[in-house]
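For reference, the chains in residue letters:
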Amino acid sequence: MFAKLCSLFSSDSILRLSLVQLILWSCFFYSFSASIPIISVETGWAVENLFTALTFSFLLWAVSSPVVGYFIDVGMSSTLIQLSIFFGAILLLIISASESEYIVYACIVLLGIPMAFTLYEPFFALIMRIVPDSKQASESILKITHIAGMASLF
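Report on the accompanying structure. (Residues numbered from 1 in each chain as written. Predicted model: local features only at pLDDT ≥ 70, side-chain atom pairs only at ≥ 80, totals over all residues. Heavy atoms only, no water.)

### Points about the environment of Glu121
Relative to the assigned elements, Glu121 resides in helix α7 (residues 121–130). In this structure the C-alpha to C-alpha distance between Glu121 and Val109, which are 12 residues apart in sequence, comes to 20 Å. (Helix = DSSP H or I, 4+ residues; strand = E, 2+ residues; numbered from the N terminus.)

Below is the structure:
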């Protein structure tokens with residue numbers, strides 16, 4: 001089955017980008033919807049406060065999007081994707097190790113920044129830059145979207 005999945009891709013780079021998107025969506029986005037009730041039970045923190053922090057994270061993501069667009073336009077998307085993945089990993093590490101609910105809330109909100117720099121748009125802009133044929137680029141974007149969409153299953 002994995003070989004059949006791999007045959008859908010015209011290049012190894014598209015497969016790698018797809019798998020990275022799958023992991024990023026799982027870690028930065030979907031994991032909180034699934035784990036907030038568990039965090040609330042384990043810590044005694046209000047579910048409403050955790051979801052409010054997540055909402056502010058999405059708002060920060062939206063507000064950051066024009067900045068992301070600027071950096072994509074000047075050709076810095078690859079560098080910023082890498083830095084944002086690292087920043088997001090640090091935030092997840094702090095969230096997992098912290099016992100302070102306010103630090104956790106702040107880190108959840110700050111996850112909006114790596115989400116803006118790593119979820120779909122910067123990757124798609126990168127593909128549009130490295131794949132010269134627009135039809136092939138569109139097909140690559142579609143393939144990435146299908147694979148990364150599996151994050152909702154996990």
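Once you've had a look at it, read on.
### Some remarks on α7
Buried residues of α7: Pro122, Phe123, Phe124, Ala125, Leu126 and Ile127, and no others. Structurally, α7 contributes buried residues whose contacts are with α2 (12–43), α3 (47–73), α4 (77–97), α6 (112–118) and α8 (134–148). (Buried < 20%, exposed > 50% of the residue type's maximum accessible area, 1.4 Å probe, protein only. Contact = heavy atoms within 4.5 Å.)

### Examining the packing of α4 against helix α5 (residues 101–110)
With their axes 9 Å apart at the nearest point, α4 and α5 run at an angle of 160° to one another. By the criterion of interaxial angle, the relationship of α4 to α5 is roughly antiparallel. You can see that α4 and α5 cross each other, and the crossing is left-handed. Contact residues: Phe87, Leu91, Ile94 and Ile95 in α4; Ile103, Val104, Cys107, Ile108 and Leu110 in α5. Among the residues forming the contact of α4 with α5, the class breakdown is 9 nonpolar, no polar and no charged. (Axes fitted to C-alpha atoms, helices over the stretch in contact; angles between N-to-C directions. Parallel < 35°, antiparallel > 145°, perpendicular 65-115°, else oblique. Left-handed = near helix turned anticlockwise from the far one by under 90°. Nonpolar A, V, L, I, M, F, W, Y, C, P; charged D, E, K, R; others polar.)

### Quick notes on the pattern of salt bridges
Considering all chains together, one arrives at 1 salt bridge under this definition. Between Lys135 and Glu139 there is a salt bridge, with the nearest N and O atoms lying 2.7 Å from each other. Of this pair, Lys135 and Glu139 both sit in helix α8, 4 residues apart, which is roughly one turn of that helix. (Salt bridge = Lys/Arg side-chain N within 4 Å of Asp/Glu carboxyl O.)

### A word on the packing of α7 against α8
The contact between α7 and α8 brings their axes to 9 Å, and the two run at 150°. Taken together, the axes of α7 and α8 lie roughly antiparallel to each other. With respect to the hand of their crossing, α7 and α8 are arranged in right-handed fashion. Facing Phe124, Ile127 and Met128 of α7, the residues of α8 in contact are Ala137, Ser140, Ile141, Ile144 and Thr145.

### Here we look at the nonpolar core
The tendency in soluble globular proteins is for nonpolar side chains to be buried side by side. Membership of the largest hydrophobic core comes to 39 residues, with the highest contact counts inside it found for Ile108 and Ile127. Mapped by element, the contributors of at least two residues to this core are α2, α3, α4, α5, α6, α7 and α8. With 8 residues, α2 is the largest single contributor of residues to this core. Those residues in contact with Ile127, other than ones at most four positions away along the chain, are Ile14, Leu17, Ala137, Ser140, Ile141 and Ile144. (Core = buried A, V, L, I, M, F, W, Y, C linked by side-chain atoms within 4.5 Å.)

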